[in-house]
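# A look at the structure
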Amino acid sequence: MQVDIGNALAEVATPGIPREALERLDDRVAAAHARIEEGRANDEHGYATLNQPDNVDVDAIEAAVEPFADCETLINVGIGGSALGAATISAALDSDVEAYYLDNVDPKWVADHLDDIDLSKTALNVVSKSGMTAETLSNFLVVREAMEDAGVDWTERTWVTTGPEGNLRDLAEKHDLPSLPVPDGVPGRFSVLSTVGLAAAALQGHDIEAILDGARDADDALGPSLFDSPAYAYGAVNYALDQRGAGINVLLPYAESLETYAEWYSQLWAESVGKDGVGQTPVRALGATDQHSQLQLYRAGPHDKMVTFIRPKERADTTIPETDLAGLSYLGGSTLGELIDAEFEATEASLANAGLPNVRIEIDRVDEAAIGELLYSMEAATILAGELYTVDAFVQPAVEWSKKATRGLLGGGDFEEADEVAEKTELTIE
Ligand SMILES: O=P(O)(O)OC[C@H]1O[C@H](O)[C@H](O)[C@@H](O)[C@@H]1O
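Calculation notes
Residues numbered from 1 in each chain as written. Predicted model: local features only at pLDDT ≥ 70, side-chain atom pairs only at ≥ 80, totals over all residues. Heavy atoms only, no water. UniProt positions renumbered as here; feature names shortened; annotations may be inferred. Axes fitted to C-alpha atoms, helices over the stretch in contact; angles between N-to-C directions. Helix = DSSP H or I, 4+ residues; strand = E, 2+ residues; numbered from the N terminus. Parallel < 35°, antiparallel > 145°, perpendicular 65-115°, else oblique. Left-handed = near helix turned anticlockwise from the far one by under 90°. Contact = heavy atoms within 4.5 Å. Nonpolar A, V, L, I, M, F, W, Y, C, P; charged D, E, K, R; others polar. Salt bridge = Lys/Arg side-chain N within 4 Å of Asp/Glu carboxyl O. Buried < 20%, exposed > 50% of the residue type's maximum accessible area, 1.4 Å probe, protein only. Phe/Tyr/Trp six-rings, centres within 6.5 Å; stacked < 30°, edge-to-face > 60°. Lys NZ or Arg CZ within 6 Å of the ring centre and 35° of its normal.

As annotated in an unreviewed UniProt entry, the protein chain carries the name Probable glucose-6-phosphate isomerase and comes from Halorhabdus utahensis. Taken directly from UniProt, the Catalytic activity (unreviewed entry) text for the protein chain runs: "alpha-D-glucose 6-phosphate = beta-D-fructose 6-phosphate". Listed in UniProt under the heading Function (unreviewed entry), the comment for the protein chain reads: "Catalyzes the reversible isomerization of glucose-6-phosphate to fructose-6-phosphate."

Interaxial distance between helix H3 (residues 58-65) and helix H8 (residues 195-203) falls to 9 Å at its minimum, and their mutual angle equals 55°. With respect to their mutual orientation, H3 and H8 come out oblique. The two elements H3 and H8 cross, and the hand of that crossing is right-handed. Judged by residue contacts, Ile61, Glu62 and Val65 of H3 engage Thr195, Leu198, Ala199, Ala202 and Leu203 from H8. Its residues assigned to classes, the contact of H3 with H8 shows six nonpolar, one polar and one charged.

The next point concerns the pattern of salt bridges. For the structure on display, the rule yields 23 salt bridges. The closest approach of N and O atoms between glutamate 44 and arginine 35, which form a salt bridge, is 2.6 Å. For glutamate 44, a relative accessible area of 23% gives the class partly exposed. What makes arginine 35 partly exposed here is its relative accessible area of 26%. A salt bridge links lysine 403 to glutamate 400, with the nearest nitrogen and oxygen atoms 3.4 Å apart. Taken as a pair, lysine 403 and glutamate 400 lie in helix H15 (residues 400-409) at a separation of three residues, close to a single helical turn.

All right, on to unusual backbone geometry then. Threonine 14 connects to proline 15 through a cis peptide bond whose omega is -5°. A cis amide bond links glycine 287 to the next residue, alanine 288, at an omega of 5°. Within the secondary structure, alanine 288 sits in the loop between strand S8 (281-284) and helix H12 (295-300). Located in the positive-phi region is aspartate 176, a residue other than glycine, with phi close to 50°. Residue placement: aspartate 176 occurs in the loop between helix H7 (167-174) and strand S6 (179-181).

So, about the packing of H3 against helix H9 (residues 208-220). It is the contact of H3 with H9, at a shortest axis distance of 11 Å, that shows an interaxial angle of 150°. Between H3 and H9, the interaxial angle falls into the category roughly antiparallel. Note that H3 runs across H9; the crossing there is right-handed. Contacts from Val58, Ile61 and Glu62 in H3 reach Ile208, Glu209 and Leu212 in H9. Looking at side-chain class alone, the contact of H3 with H9 contains four nonpolar, no polar and two charged residues.

Let us look at the packing of aromatic side chains. Under the counting rule described, the total for this entry stands at 13 aromatic pairs. With a centroid separation of 4.9 Å and an interplanar angle of 85°, the aromatic rings of tyrosine 239 and tyrosine 389 are classed as edge-to-face. With tyrosine 239 in helix H10 (residues 230-243) and tyrosine 389 in the loop between helix H14 (368-388) and H15, the pair connects residues that are 150 residues apart, well separated along the chain. By the burial criterion, tyrosine 239 is buried, and tyrosine 389 matches it. Plain terms: the ring middles of tyrosine 254 and phenylalanine 344 are 5.1 Å apart, the flat faces sit at 80° to each other, and that makes the pair edge-to-face. Here the residue tyrosine 254 occupies a position in the loop between strand S7 (248-253) and helix H11 (259-273), and phenylalanine 344 occupies one in helix H13 (residues 336-354), the gap between them amounting to 90 residues. Residue phenylalanine 344 is classed as buried on the basis of its relative accessible area of 0%. Taking NZ or CZ as reference, arginine 144 lies 5.1 Å from the ring centre of tryptophan 154, over its face.

What follows is the structure in structure tokens.
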């Protein structure tokens, strides 16, 4: 993985980072790296994330999914960190096993999925670190009932990934379900390179050892200087641009297979650095599609953002047939890959021309090793940013308020948060 921060420098962009400021920031990166290494050595909460590639029990994962080797479909019931990592790997890599991630409780959407799936040929993975998440448990109950209605023995088609306690752990013990533990000391959003993200990948036939090898390569690239570590360079530059006014980071992957990656990164970054009144806002977009929807704003709107361009350097390709259509013959004989790469470079240059900061991330191709390297690198980039923002990157207390309000609204107890829902200030225009 390469990270090119040239277009984030002050000689190109506004806001931009002067080279001498980057040198000074590198001193803080060295101190942050030392703190991270200390946290890893002591297996501290959060920092233990970066030890995952050496802690994952690949045999246990493969053994847990082996009973489901005959399935044609996987349903992953989980939300947030219990869905987005696995979904990123599923979206990036091809498989004969179709995977559905039920990570929302939109009734029609859930029902439509269940109507489309042959539940007798389906494996169900229920994932929740806490084992308490309302959306996950509700969707599990809905899928279980659908299996029963279809005459399918759900206990024969289900494995659970969860913590040592909670409803899911109780369920697994009550029904003797195969289960995998979530890793200790690893917050959900940092758990893709563990049982949480890799079990689904194993079931889909992906080489999880290769994913972990990619992560190990990224680990080897970590060091006390951003000038030697692509992951730290990315985390440090995002932080430095945010300090200078680029409070938004638009993620612009130029591959459909990386669109879910942008969703995963958005949770990782937002929940990690978004606290105590600070934190850059990740925004998901897609190249080349959003050149035709958002680029106008990126190039000619306020300089309150940066853009992250992401692409694989190698990709399977499709030739554009020769044509005599007026004004289009120049495309004939080229390939869609050449077109999207030209658009990547042209759009990147158009932002540099407008002085809007941007960073380029390139992976060799979209395969197991490159995905492992990218995911691990972004986890390291985020942990480093947490140190630079001086926030605790491993907690997310702000998500609890609406959970309490929801529970109160549905009769799940007395919560003052629910009372405040009823006190909404209204000015409805209709
Ligand atoms: O894995 P679970 O305990 O079910 O939590 C799933 C998700 O929900 C929480 O509310 C947090 O916002 C996320 O960080 C977490 O990944």
